[in-house]
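Commentary on secondary and tertiary structure
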Amino acid sequence: MALTDTAPRVRVENLRIAFPRPDAAPLEVLSGISLDVADGEFVAVVGPSGSGKSTILRAICGLLKPAGGRVSVDGRPVTTPPPEVGFMFQKDALLPWCTVAENIRVGAELGGVARAEHAGRVSALIRLLRLDGFEDAFPKQLSGGMRQRASLGRLLAYNPSLMLMDEPFGALDYQTKIVMGRELLRIWEAERRAIIFVTHDIEEAVALADRVVVFSARPARIVADYAVDLPRPRDLRAMRGEAAFVRLTEAIWSDLALPA
Ligand SMILES: Nc1ncnc2c1ncn2[C@@H]1O[C@H](COP(=O)(O)OP(=O)(O)OP(=O)(O)O)[C@@H](O)[C@H]1O
Ligand SMILES: [Mg+2]
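As the structure is a computational prediction, the values presented were derived from the model and not from experiment.

**Quick notes on the pairing of strand β2 (residues 24-37)**
- Pairing between strand β1 (residues 10-21) and β2: nine bridges, direction antiparallel. Bridging from a neighbouring strand, Ile-17 pairs with Leu-30 of β2.
- The hairpin formed by β1 and β2 contains two residues between the paired strands.

So, in structure tokens, the structure goes:
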């Protein structure tokens with residue numbers, strides 16, 4: 001236990017990921033990224049489109065084989081998806097033949113929640129995610145934002161101690177984004193799981209996270225790593241006007257404007 005007590009939840013060391021191409025050299029997407037995520041830490045990753053943000057999440061949960069370097073979770077090298085890791089994909093991965101309630105229930109089943117608790121857990125999440133009235137709807141009958149909320153429900157039902165979230169609120173309107181961000185923080189503040197949260201939205205990254213890691217254009221390297229020393233609990237709307245918040249978002253904007 002001593003090792004896992006002190007090890008970071010996630011350790012990425014000099015990670016290289018390259019995708020083979022039929023008539024060209026492999027496409028180098030990550031070229032030597034190193035990143036540690038501590039227990040209970042909320043890390044946001046921002047970077048240009050196509051820089052490798054989804055790729056690093058997939059590598060952390062063992063869905064991609066590195067061309068070099070290492071990934072470990074809780075001190076153990078990752079080769080297949082570790083059970084303590086929950087992943088919310090950029091494109092929702094709801095089961096199309098299952099209703100909203102059934103999709104969320106799958107999370108509870110995978111997460112080993114006792115069967116007697118499934119129904120209560122599913123209905124609490126449906127209320128939390130404001131999907132009431134759509135329990136029996138199929139994914140194709142939902143809006144993009146509703147599908148994202150159902151996917152979040154499945155992740156929360158799974159109750160992982162490490163959450164990898166790939167633009168989870170990308171399809172939501174501003175108001176719903178704030179509501180969902182608030183809920184995510186409430187859950188995280190209560191249970192302090194580790195979160196790696198990929199987003200295009202710099203303000204969202206600063207508002208939610210303890211740290212914001214900024215990727216360059218492909219092949220990605222880390223151009224900046226900011227500690228967000230804003231007090232918690234955070235008021236996601238009011239804080240956007242505060243000087244420290246504005247300074248940080250401006251700094252990240254200028255990092256992203258750097259040439260590749
Ligand atoms: N399975 C794959 N096979 C081949 N190339 C891939 C694969 N997955 C991603 N890529 C390439 O890797 C690069 C990085 O993709 P990735 O999805 O990680 O970007 P991203 O930073 O998440 O972008 P976005 O912000 O648009 O979601 C892109 O050029 C993409 O074409
Ligand atoms: Mg992506």
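From this point on, the discussion continues.
**What to know about the site of ligand 1**
- In the vicinity of ligand 1 lie 16 residues, with Ser-49, Gly-50, Lys-53, Thr-55 and Arg-218 positioned nearest.
- Within the backbone of Gly-52, one N or O atom sits 3.0 Å away from an oxygen atom of ligand 1.
- Take His-200: an N or O atom from its side chain is 3.1 Å from an oxygen atom of ligand 1.
- Within the complex, 68% of the 640 Å² of free accessible area of ligand 1 lies under protein.
- Those elements that place two or more of their residues in the shell around ligand 1 are β2 and α2 (53-60).
- The element best represented in the shell around ligand 1 is α2, accounting for four residues.
- Here the shell around ligand 1 is composed, by residue class, of four nonpolar, eight polar and four charged.

**Some points on the confidence of the model for the chain**
- Averaged over every residue, the pLDDT of the chain is 92; residues scoring 70 or more account for 97%.
- Model confidence for the chain, summarised as mean pLDDT per element, is weakest for helix α1 (residues 2-6) at 53 and strongest for strand β3 (residues 42-46) at 98.

**Topic: the nonpolar core**
- Counting residues in each nonpolar core, the largest one holds 52 residues, and the members touching the most others are Phe-42, Leu-152, Met-165 and Val-212.
- Two domains each donate at least three residues to this core, and these are domain 1 (1-84 + 161-233) and domain 2 (94-159).
- With residues near it in sequence (within four places) discarded, Leu-152 still touches Met-88, Leu-129, Met-165, Phe-169 and Met-180.
- One finds Ile-33, Ala-59, Leu-64 and Leu-164 within the second-largest nonpolar core, a separate group that totals 30 residues.

**Topic: the sheet that holds β3**
- Read from one edge of the open sheet, six strands run β6-β7-β8-β3-β9-β10, paired in mixed fashion. Since the sheet does not close on itself, it has two edges, and those belong to β6 (85-88) and β10 (222-227), each with one partner. Taking the axes of each pair of neighbouring strands and ignoring which way they run, one obtains an average angle of 15° across the sheet.
- Bridge count between β3 and strand β9 (residues 211-215): four bridges; the pairing is parallel.

Rules of the game
Residues numbered from 1 in each chain as written. Chains lettered and ligands numbered in written order. Predicted model: local features only at pLDDT ≥ 70, side-chain atom pairs only at ≥ 80, totals over all residues. Heavy atoms only, no water. Pairing = 2+ DSSP bridges. Helix = DSSP H or I, 4+ residues; strand = E, 2+ residues; numbered from the N terminus. Near = heavy atom within 4 Å. Polar contact = N/O pair within 3.5 Å; in protein donor to acceptor, adjacent residues only side chain to side chain. Areas by Shrake-Rupley, 256 points an atom, 1.4 Å probe, with all protein chains shown as cover. Nonpolar A, V, L, I, M, F, W, Y, C, P; charged D, E, K, R; others polar. pLDDT = per-residue confidence, 0-100. Core = buried A, V, L, I, M, F, W, Y, C linked by side-chain atoms within 4.5 Å. Buried < 20%, exposed > 50% of the residue type's maximum accessible area, 1.4 Å probe, protein only. Domains from an automatic or database assignment. Contact = heavy atoms within 4.5 Å. Axes fitted to C-alpha atoms, helices over the stretch in contact; angles between N-to-C directions.

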